[in-house]
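Summary of structural features
One letter stands for each residue in the lines below.
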Amino acid sequence: MRKFVFTILSLSLFCLYSCDDGDVITVELEFDETFSACGETDLVLYKTKSTPSESLSIVINNLSIADLLEVGDDNTLKLEKTGAFNYRIYSNETLPSNLFCNDVPPADIKIMNDYEDASANATFTTTLVEDDDDGILAELEDINGNGDLTDDDTDGDGLPNYIDADDDGDNVLTKDEAPDPNSDNILDDALDTDDDGVPNYLDADDDGDGIDTRDEETDSQDQNPGNDVTNSDVGADYLNKDVTNVDTPVATAYRNHTIKQTYTVTLLVTEISLEGLISIDEHDFGLLSNGALTNSRSVTPDFN
């Protein structure tokens, strides 16, 4: 819960000029740290609370959720807009979930006070974080230890390890190669089938038989060595050093990769003047909560 405290003078609920008796009233507005949004081409951004029932909202015309996700090459976006900002107080004990963004407003809503600034400034800041969701924290995929995740590409396929679902390019997904068996974020116990000091998820030849893992597809050429099993007692051929069938075709393609995308959108509203009764330099509206902020993209790297 984020608490916003406005100190105001007592002539009016929102009064900035001096009052005769000098009394000061403090009003506390406690809203969640997240806000919601609706609308296709005109966004309504809002948050509500009960006890007492209040809402904060801002309407931005000619703006969509998609616009907020148009990050640049650095995976960030800063966008400044102007919109109508409202602080409303209701007599209802609780507020319905469909208070905003309906063609027909709920009939039983009673607004006691509605304070508006028709042209408040809104600054959106969007950050995109991508991850391969391979069971390894992104910061642990800094193989060379220089703090830059973008230059760690074990298999040279153009995808840095932190967004590469198959770090070693052997067509076995990293998450299926037991990089962190006990999920403690310590990779010292990562599976190393051939005990060569290179864990399977970074080893192009997991069983050390001289044949690359990605080439050990004896039954089907489907970019998945995990389903090629000669001896079921041992497991897949790529983990069985006794299976060295050199007559099978070598791999010619990588499997498709899915990269998870998570957008973080925050909103700062500034230069708020509510009907000339109160002036607020800036208001941290919080963090956008919306299903469209989680997405994914698919990539099939060029084979090498």
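For the structure itself, look to the data block above.
Residues numbered from 1 in each chain as written. Predicted model: local features only at pLDDT ≥ 70, side-chain atom pairs only at ≥ 80, totals over all residues. Heavy atoms only, no water.

Time to look at the environment of threonine 174. Of note, threonine 174 is situated in the loop between β7 (111–131) and β8 (257–274). C-alpha separation for the pair threonine 174 and aspartate 134, spaced 40 residues apart in sequence, amounts to 5.8 Å. Discounting chain neighbours no more than four positions away, the residues touching threonine 174 are Asp134, Ile136, Asp164, Ala165, Asp166, Asp167, Pro179 and Tyr201. (Helix = DSSP H or I, 4+ residues; strand = E, 2+ residues; numbered from the N terminus. Contact = heavy atoms within 4.5 Å.)

It is worth spelling out unusual backbone geometry at this point. Cis peptide bonds are those with omega within 30 degrees of zero, and the linkage from threonine 51 to proline 52 qualifies with 0°. Tracing the sequence through the fold places proline 52 in the loop between β4 (43–49) and β5 (54–60). For aspartate 133, which is not a glycine, the phi torsion comes out positive at approximately 55°. Position of aspartate 133 among the secondary structure elements: in the loop between β7 and β8.

Now for the side chain of aspartate 152. Structurally, aspartate 152 is set in the loop between β7 and β8. Side-chain polar atoms of aspartate 152 contact the backbone nitrogen of isoleucine 143, separated by 3.0 Å. Non-local contacts of aspartate 152, meaning those with residues more than four positions away in its chain, are made with Glu141, Asp142, Ile143, Asn144, Asn146, Pro160 and Asn161. (Polar contact = N/O pair within 3.5 Å; in protein donor to acceptor, adjacent residues only side chain to side chain.)

So, on to the pairing of strand β6 (residues 76–90). Bridging between β5 and β6 involves 6 bridges; their strand directions are antiparallel. Of the residues in β6, the one forming a bridge with isoleucine 58 is phenylalanine 85. In terms of strand pairing, β6 meets β7 through 14 bridges, oriented antiparallel. Pairing of leucine 77 across the sheet is with threonine 126, part of β7. (Pairing = 2+ DSSP bridges.)

The next thing to look at is the nonpolar core. By size, the foremost hydrophobic cluster in this structure holds 31 residues, and its most contacted members are Leu45, Phe85, Phe124 and Leu267. Residue assignment for this core shows that the elements contributing at least two residues are β3 (34–38), β4, β5, α1 (65–68), β6, β7, β8 and β9 (278–288). When residues in this core are grouped by element, the largest group, 6 residues, is from β8. Those residues in contact with leucine 45, other than ones at most four positions away along the chain, are Phe35, Ser36, Ala37, Leu56, Ser57, Ile58, Ile60, Phe124, Leu267 and Phe285. Counting 8 residues, the second-largest nonpolar core is a separate cluster that includes Cys38, Val44, Tyr46 and Phe100. (Core = buried A, V, L, I, M, F, W, Y, C linked by side-chain atoms within 4.5 Å. Buried < 20%, exposed > 50% of the residue type's maximum accessible area, 1.4 Å probe, protein only.)

Pairing analysis gives 11 bridges linking β7 to β8, with the strands arranged antiparallel. Within the sheet, the bridge partner assigned to glutamate 130 lies in β8 and is glutamine 261. Strand direction decides the pairing type here: β8 and strand β10 (residues 294–299), joined by 6 bridges, are antiparallel. Within the sheet, the bridge partner assigned to threonine 262 lies in β10 and is threonine 294. Here 8 bridges tie β8 to β9, and the two strands are oriented antiparallel to one another. Residue pairing across strands places threonine 266 opposite leucine 287, the latter belonging to β9.

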